[in-house]
Amino acid sequence: MGKKVFVFDISKCSGCYCCQFACKDEHAGNDFRPIAAPQPDIGQFWIKVDDFTRGKAPNVRVHYIPRMCNHCDDCKVLAAAKNGEAYRNEDGFVIIDPEKAKGNKELMNACPYGVIYWNEELDIPQKCTGCAHLLANGYKVPRCVEMCPTGALTFGDEDEMIEQTTGATVMHPEYATTPRVYYRNIPGQFIAGTVYDPEAKEIIKGAYVRAVTGGKLYELYTDGYGDFWFKDLPVGIFDVYIKAEGYKTKVFKHLWTKECLSLGDIPLEKGCDEE
Ligand code: SF4
Ligand code: SF4
Ligand code: SF4
């Protein structure tokens, strides 16, 4: 059996929090020592779903990114565990030993991802175990994966997940820890707006909208509501041109997509472009 990986497909994540609840249900108050001591009822989320809001009204998008221990190949906590307080199991999971790690706050502080919690009552650091207690008993997947209703969270042997991990990204590659938790389809930036005729007080359907950056061209037409929405754009400086028959071309120059941009309601003036 090869080492395991987790893959989150952000485009499939509905933000239902089932993974977060499932982990709580599996571990809160349940003693799986020597792998895991009970998770407290409150204060710890071994998998935590964060929500991100992008753009501004009316062009707003929310997406969700679950975070957990990345079971990194170059785990900083393993490096700090000089006396066997943490170890890697045969599935590649980093496990903190609840007995040997007693009183050792340095382990918690060694993780650059901040995914380790301190259990005051038991005086131990705690985090995701990969549900190693389940896999050791013949379960195919951890609880959080089992409970994901959309297929956003998947899990398996590294060798069998090549298709999902190829081209995927990891959290904070600059930490140089070689994570085993991958993310797919993290959304890029967007530019959106609504095109209308201020005289007729009507939206304009089918207007041609072009966004240009560094020689790259993105094109679309406004929909039945006069809206256009360029999705998954890179960060860059864009010029946007909006053209509709019988109207002058509207131009937005030097739009910087360091954040998502809502251009709001955009009036087009009747007439022709000057040659
Ligand atoms: S996320 Fe932190 S604790 Fe988990 S493996 Fe990576 S460095 Fe270690
Ligand atoms: S693998 Fe298990 S311990 Fe880790 S986050 Fe999922 S449910 Fe929690
Ligand atoms: S259970 Fe699946 S869909 Fe729901 S928040 Fe977690 S990863 Fe996203």
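Caption draft 1: Quick look at the domain arrangement of the protein chain. On domain assignment, one finds that the protein chain holds domain 1 (4-184) and domain 2 (189-267). Going through the elements one at a time, β2 (47-56) and β3 (59-68) are the ones with two or more residues in the side of domain 1 that touches domain 2. Residues of the side of domain 1 that touches domain 2, tallied by class, amount to no nonpolar, two polar and three charged.

Caption draft 2: View of the site of ligand 2. Near ligand 2, the surroundings consist of 14 residues, among which Cys23, Cys128, Cys131, Pro142 and Cys144 are the closest. Elements represented by at least two residues in the shell around ligand 2 include exactly α1 (18-27) and α5 (143-147). The element contributing the most residues to the shell around ligand 2 is α1, with four residues. Partitioning the shell around ligand 2 into residue classes produces nine nonpolar, three polar and two charged.

Caption draft 3: Layout of the environment of Leu107. Inspection of the secondary structure assignment puts Leu107 in helix α3 (residues 105-110). Here the alpha-carbon distance between Leu107 and Ala79, two residues 28 residues apart in the chain, equals 9.3 Å.

Caption draft 4: The sheet that holds strand β16 (residues 237-243), seen in detail. Strands sit in the order β14-β13-β16-β17 across an open sheet of four strands; the sheet is antiparallel. At either end of the open sheet lies a strand with only one pairing partner, and these are β14 (216-221) and β17 (250-256). Along the sheet, successive strands turn relative to each other by an average axial angle of 15°, direction set aside. Of the strand pairs in this sheet, strand β13 (residues 208-213) and β16 are connected by five bridges, and their pairing is antiparallel. Bridge pairing in β16 links Tyr208 to Lys243.

Caption draft 5: The nonpolar core, seen in detail. Phe6, Cys19, Ile47, Ala86, Leu107, Cys144 and Leu153 are the most contacted members of the largest nonpolar core, which totals 43 residues. Elements supplying a minimum of two residues to this core: β1 (4-9), α1, β5 (94-96), α3, α5, β8 (153-157) and β10 (181-184). Discounting chain neighbours no more than four positions away, the residues touching Ile47 are Cys19, Gln20, Cys23, Pro66, Met68, Cys128 and Cys144. One finds Val209, Leu233, Ala244 and Leu268 within the second-largest nonpolar core, a separate group that totals 18 residues.

The rules we used
- Residues numbered from 1 in each chain as written.
- Chains lettered and ligands numbered in written order.
- Predicted model: local features only at pLDDT ≥ 70, side-chain atom pairs only at ≥ 80, totals over all residues.
- Domains from an automatic or database assignment.
- Helix = DSSP H or I, 4+ residues; strand = E, 2+ residues; numbered from the N terminus.
- Nonpolar A, V, L, I, M, F, W, Y, C, P; charged D, E, K, R; others polar.
- Near = placed C-beta within 6 Å.
- Pairing = 2+ DSSP bridges.
- Axes fitted to C-alpha atoms, helices over the stretch in contact; angles between N-to-C directions.
- Core = buried A, V, L, I, M, F, W, Y, C linked by C-beta atoms within 7 Å.
- Buried ≥ 20, exposed ≤ 12 C-beta atoms within 10 Å, placed from the backbone.
- Contact = placed C-beta atoms within 7 Å.

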